[in-house]
Amino acid sequence: MLPDFFEFYSPTKVVYEDGVASDLKPELDIIGIQKYFVISDHIINDLGLIQKVADGLEDAGCEVVGKYLDVAQDARLNDVQTCAEAVKSSGAEGIISIGGGSVIDTAKAVNILFSVGGDLVEDYSGAHTLTRPLSPHVVIPTTAGTGSEVTFVAVIYDEENKEKLAFPDKYLMPNLAVLDPEMTVSLPPKMTAATGMDALTHAIEAYVGIQAAPFSDAFALGAIELIMKNLVTATENGEDIEARGAMLIAATMAGIAFTHSMCGCVHGMAHATGGLYRVPHGVANAIFLPFGMEYNFEEITEKLARLAPVMGEDVSGGSEEEAAGKAIEAVRKLTANLNKLGALPLKLSEVGVPEDGLADIAEGALNDGTSFYNPREVDPDELLPFIQRAY
Amino acid sequence: MGLFENSEKFEEVLGGFFRQLAETPQIADKLLKSNLIIRFNYTDPDLVIVVDCSGDKIDVRPHDTETKATVEMSMTADIAHKFWFGKVNLTKALTRKEMVAKGPIPKILKLLPAIKPSYAMYPKYLEENGYSQYNIH
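A brief report on the enclosed structure follows.

## Comments concerning the overall build of chain A
- Helices and strands together make up the secondary structure of chain A, namely 15 helices and eight strands.
- At 20 Å, chain A has a C-alpha radius of gyration in line with the 21 Å of a compact globule built from 391 residues.
- Referenced to the eigenvectors of the C-alpha coordinate spread, the extents of chain A come out at roughly 60 × 45 × 45 Å.
- Classification of the 391 residues of chain A by burial places 55% in the buried group.

## Here's the deal with the interface of chain B and chain A
- The partner chain A presents 19 residues to the 16 residues of chain B that form the contact.
- Within the residue set of the side of chain B that touches chain A, elements represented by two or more residues are α4 (90-95), β5 (99-102) and α5 (105-115) of chain B.
- Among the elements that take part in the side of chain B that touches chain A, α5 of chain B stands out by supplying six residues, more than any other.
- For the side of chain B that touches chain A, the per-class residue count stands at eight nonpolar, four polar and four charged.

## Observations regarding helix α1 (residues 7-22) of chain B
Residue and element names in this part refer to chain B.
- Spanning 16 residues, α1 covers 21 Å between terminal C-alpha atoms, matching the ideal 22 Å at 1.5 Å per step.
- Among the residues of α1, those classed as buried are F10, E11, V13, L14, F17, F18 and L21.
- Turning to α1, the residues buried within the fold contact α2 (25-34), β1 (37-43), β2 (47-52), β3 (59-62), α3 (77-83) and α6 (118-128).

## What to know about the nonpolar core
Residue and element names in this part refer to chain A.
- One finds V110, A203, A223, I227, A250 and A254 to be the most contacted residues of the largest nonpolar core, which totals 171 residues.
- Element by element, the count of residues in this core is highest for helix α9 (residues 241-261), at twelve residues.
- Each of domain 1 (13-183) and domain 2 (187-390) contributes no fewer than three residues to this core.
- Setting aside its immediate chain neighbours within four residues, A250 contacts A144, A199, A223, L226 and I227.

## Structural notes on the sheet that holds strand β5 (residues 137-141) of chain A
Residues and elements named next belong to chain A.
- The six strands are arranged β1-β8-β5-β4-β2-β3 in an open sheet whose pairing can be described as parallel. The outermost strands of the open sheet, each flanked by one partner alone, are β1 (13-16) and β3 (63-68). Sheet twist, expressed as the mean angle between neighbouring strand axes with direction ignored, is 20°.
- Relative to β3, strand β2 (residues 35-39) is paired through five bridges, and the arrangement is parallel. What sits directly across from V38, in β3, is K67.
- Sheet strands in contact with helix α3 (residues 49-59) are β2, β3, β4 (94-99) and β5, and its direction is about 155° off that of β3.
- Contacts between α9 and the sheet are confined to β1, β5 and β8 (176-179), with β8 contributing the most and set at about 155° to the helix.

So, how was this worked out
Residues numbered from 1 in each chain as written. Chains lettered and ligands numbered in written order. Predicted model: local features only at pLDDT ≥ 70, side-chain atom pairs only at ≥ 80, totals over all residues. Helix = DSSP H or I, 4+ residues; strand = E, 2+ residues; numbered from the N terminus. Rg over C-alpha atoms; globule rule 2.2 N^0.38 Å. Buried ≥ 20, exposed ≤ 12 C-beta atoms within 10 Å, placed from the backbone. Contact = placed C-beta atoms within 7 Å. Nonpolar A, V, L, I, M, F, W, Y, C, P; charged D, E, K, R; others polar. Expected span 1.5 Å × (residues − 1). Core = buried A, V, L, I, M, F, W, Y, C linked by C-beta atoms within 7 Å. Domains from an automatic or database assignment. Pairing = 2+ DSSP bridges. Axes fitted to C-alpha atoms, helices over the stretch in contact; angles between N-to-C directions.

From the geometry alone we can't say anything about function, so treat these as descriptive.
Printed below as a string of structure tokens:
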């Protein structure tokens, strides 16, 4: 069934090649500026990844005029303000962010203050509040999960008020996403598994969500197939460039999918669990994903049935319900394989969540913005048994 | 020209509906939990209404342009009217700027499940209060 309305807008140019992060001249020539400010973190710097990009910039006739490496694990409001000042005083004409979701989201928010000034919270809270394009922003992801290199949202943590602020705006979509598998080979197995499961959750929730549309479906299905075929290999052997590349591409495709059709209750539960018990986002998504699919089962049976063969399941001869069940089974097999590698916990009880905190997670899922996009109404009482099974 | 002939009429219709919502515990209790102060800025015809959920009960204040709101929602009166029938695709409205939201978006989205029952209440309210000419069939 076709939706009444959908919009597809994905202006970010994507380039993929092993080693392309240090060979960007054609893309940078088109952007047409020379002075870049790098936003990243100390780990990425210590791994030599920033130098690699900087050398490539020099070969392309560009230069790095400043760096900010103090981005915390969560993108923070204070970092955004401090970093924006550094960018302004550096004489930069644009930004290159090199890192995972926190680095990229920080860079997006910094670009607002750098390009148009003002106060991030006072002037830009809301949806699509910007009125003109920002300065060029090139993103080089070093994880394969967040998809932020192609999404229109920056999520920033406000330490003072202890809340996550979302800034959705089409002008936040970066100009260029550079997918270079070499930039992800040093990602440890646990991070590879967790971020990969985050990407799978993006893709599955985008595919079954109420905003799903043919364009987002195509990207979601492509992402799911690549993840099912490559996540275990990338986790087991981080040097496998093909698996790393496939995961990078998949995460970006999942990002395109969910920036159009949003996420649902799995993300709602994961956000609540992360906020209450500091469980890493990808790990929480991995634990909740099969249970969220079961919670929504009646509303999404047909879509899950179409998903099962894409996930490598043989559905011949079975009913639609059986095929749908196999899609959930495929997720469980994947997480079990990652668990066997020691890369992923499978239960909330293994990640420090107390049993008496499960009701709070259910309530938190209801109060999360994603509940609006979930195919089944999020009712904490009805959701709680599924969370208990995830315990 | 929009569906509503003037600001007074729109205030009478929508303000009255907001007051009914404020006295419906199923909805009001959840809105009060949000603690939000929402200012609706309507055009064609022009009207400002503040819905203040920061106290013990919901306070609906037309023409309040002074109070600092947590969230500001701007739209035409016709879009607002369609919204309360549950006939507005929020993502579409926001991306096409039919609605402009200023403030913490997740907090706004959180409210949507809470106000879902109001979509069934609105046509009934119009019918029962002599505003049936505005009903969308």
